[in-house]
Amino acid sequence: MLLYSELQTTVAITEHLTGGLVDPRIKHIIVLMLENRSFDHMLGHSGLPGTEPLTGTSRTNNDDDGEPVSATPDADYSGDFDPDPGHDFSDVNLQLFGTHTPSPGQPVDMSGFVRSYAEKCGGNVPQSRRIMKGFARSRIPALVTLAENFALCNRWFSSVPGPTLPNRLFAHCGTSGGRLDMSPEYFSGFRTVYEVLDRSGVSAAVYSGGWSSTATFSFLLKNQGSCFATLEDFYSDCDGDESDIPPYCFLEPRYSSGFVNGSFLPQNDQHPDSDVRQGDKLVYNVYKAIRKNRKLWESSILVITYDEHGGMYDHVAPGPITSPDGKTDLGFDFTRLGVRVPAVIVSPYISPSTVSSLLFDHTSLIATARRQFTGVWQDEALGKRAAAANTFTVPSILNSPILRLDDVPIADPAPPPPSQAELPLNDLQRQHLVHAVFVESQLPPHLRTSIDPRTISTDHEADSYCSRVYALAGVATGGRR
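If you're wondering where the values come from, they're calculated on a predicted model, not measured in any experiment.

Draft legend 1. How the structure looks around the nonpolar core. F234, Y248 and F392 are the most contacted members of the largest nonpolar core, which has 106 residues in total. Looking at this core, the element that brings in the most residues is helix α12 (residues 276-291), giving eight residues. Of all hydrophobic cores here, the second largest spans 17 residues; its members include M110, C121, I131 and V339.

Put into structure tokens, the structure is as follows:
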């Protein structure tokens, strides 16, 4: 085993030769991106190093009656956030500035979360106060334990003050193309990290629990056989040889509940108002799958983060950031970050209770992958923001003086058996349905379903339809789905 000083010398030599910080120990970067939870909501009450107490008047929001509402650690696993909190651009403006239409130069004061949720709750003041709820540390054991035993990033912000899909576009492409909406028709014009890595001979894959919005990217559609797999495939690959796992992996949860090969699988993305325990169990399963393969463990970084805050309270004001391409939408120029989200980095080269206060957003994922696996990342192939982004294969994060072979004990989240009752579609599931309809419209007529999407009203039905479209798109493009 190399001593820490020898490893740092090796890294320094590699950096000199390549012009970038390439850590020879890291062969895999594995990203698990969950849904719609803020940093304070998930980790603000954990007491972990790197968190700040959520007490005092600076940690309150006024409700519609003018009463201050404090952040409290009493969030329930589900049931608190129906209806779904607002997280479109106008909603986030209200949350950050206290108004939908802030004046130029108006400071961000994080004052409007309760009033924003009141708009979704029809003015119900007691219900609107729920947006200030967060989780006690014992409620989400997998996420908290990994944050405590590896690295917690306390300045990782969503890329856009808006909804899911623009933020996920930044995670895959470094830009949303100057769009703040959720429309599917503009996905085809993007260059993704997957094709950029592919041009350098580096393989990458999306492992998804079901429907994936990445199915609307042209490059991925054309290369489904090599670029797409299921989460069950990921677990199976972890059981095999370390080389079975591609250098860059992006893991997506299940966004809807449904049946796969006769087995019922619950929604586990943590999107409100799904059971948060299911998502924490997913975190647990992914960590355990990597950890049990020693060669994979010794050569990997696992990043657990969230696409955006989902309307949940956070007290840290997002600051300025580089525009990826100079485009604007709704008067917004993409030079301000979205709300802070949880981010935990796991690796055997990280000391317990590491805290990183480097500024990250989702473009740090693709910048780090390119920097680590190609040595080139500042050429703006994925936009100016990704070219300027901080990366996380740095000595301040990969700081352990020894290779850690301890298996961190984590209490199994053990969610209850999921109900097989069909549920109404949430906002994200509706958008995924719209995307699947768009993908189907691009298929040859003989490969389209006979399903009328207007008749779909439940998560089971949406899951079945999206999965069917996904499979047909694979047939159309020569992929395995």
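Draft legend 2. Examining the packing of helix α6 (residues 141-149) against α12 more closely. At a closest axis distance of 7 Å, the pairing of α6 and α12 adopts a crossing angle of 50°. Considered as vectors, α6 and α12 are oriented oblique to each other. For the pair formed by α6 and α12, the contact residues are P141, A142, L143 and L146 on the first element and D280, V283, Y284 and Y287 on the second. Across the contact of α6 with α12, the residue classes tally to seven nonpolar, no polar and one charged.

Draft legend 3. Fine view of the environment of V339. Within the element layout of this structure, V339 appears in the loop between β10 (300-306) and β11 (343-346). On the basis of relative accessible area, V339 is assigned to the buried category, the value being 0%. In the structure, V339 is positioned 31 residues away from E308 in sequence and 6.9 Å away in space, judged by C-alpha atoms. Those residues in contact with V339 that lie beyond four places of it in its chain are V92, L96, F157, S158, H309 and D314.

Draft legend 4. Representation of the packing of aromatic side chains within the structure. Scanning the entire structure with this criterion turns up 17 aromatic pairs. Their ring planes at 35° and their centres at 6.2 Å tell us that W156 and F392 sit as a pair that is tilted. Of this pair, W156 sits in the loop between β4 (151-153) and α7 (164-173) while F392 sits in the loop between α15 (384-388) and α16 (427-441), placing them 236 residues apart in sequence. The class of W156 is buried, set by a relative accessible area of 0%. The exposure class assigned to F392 is buried, which follows from its relative accessible area of 0%. The interplanar angle of 70° and the centroid separation of 5.2 Å between the aromatic rings of Y207 and F234 together place this pair among those described as edge-to-face. Placement of the pair is Y207 in strand β5 (residues 204-208) and F234 in helix α11 (residues 231-239), with a sequence separation of 27 residues. With respect to class, Y207 is no different from F234; both count as buried. Through successive ring pairs, a cluster of aromatic residues spans F89, F170, F332 and F334.

Definitions and cut-offs
Residues numbered from 1 in each chain as written. Predicted model: local features only at pLDDT ≥ 70, side-chain atom pairs only at ≥ 80, totals over all residues. Heavy atoms only, no water. Core = buried A, V, L, I, M, F, W, Y, C linked by side-chain atoms within 4.5 Å. Buried < 20%, exposed > 50% of the residue type's maximum accessible area, 1.4 Å probe, protein only. Helix = DSSP H or I, 4+ residues; strand = E, 2+ residues; numbered from the N terminus. Axes fitted to C-alpha atoms, helices over the stretch in contact; angles between N-to-C directions. Parallel < 35°, antiparallel > 145°, perpendicular 65-115°, else oblique. Contact = heavy atoms within 4.5 Å. Nonpolar A, V, L, I, M, F, W, Y, C, P; charged D, E, K, R; others polar. Phe/Tyr/Trp six-rings, centres within 6.5 Å; stacked < 30°, edge-to-face > 60°.

Read these as geometric descriptors, not functional statements.
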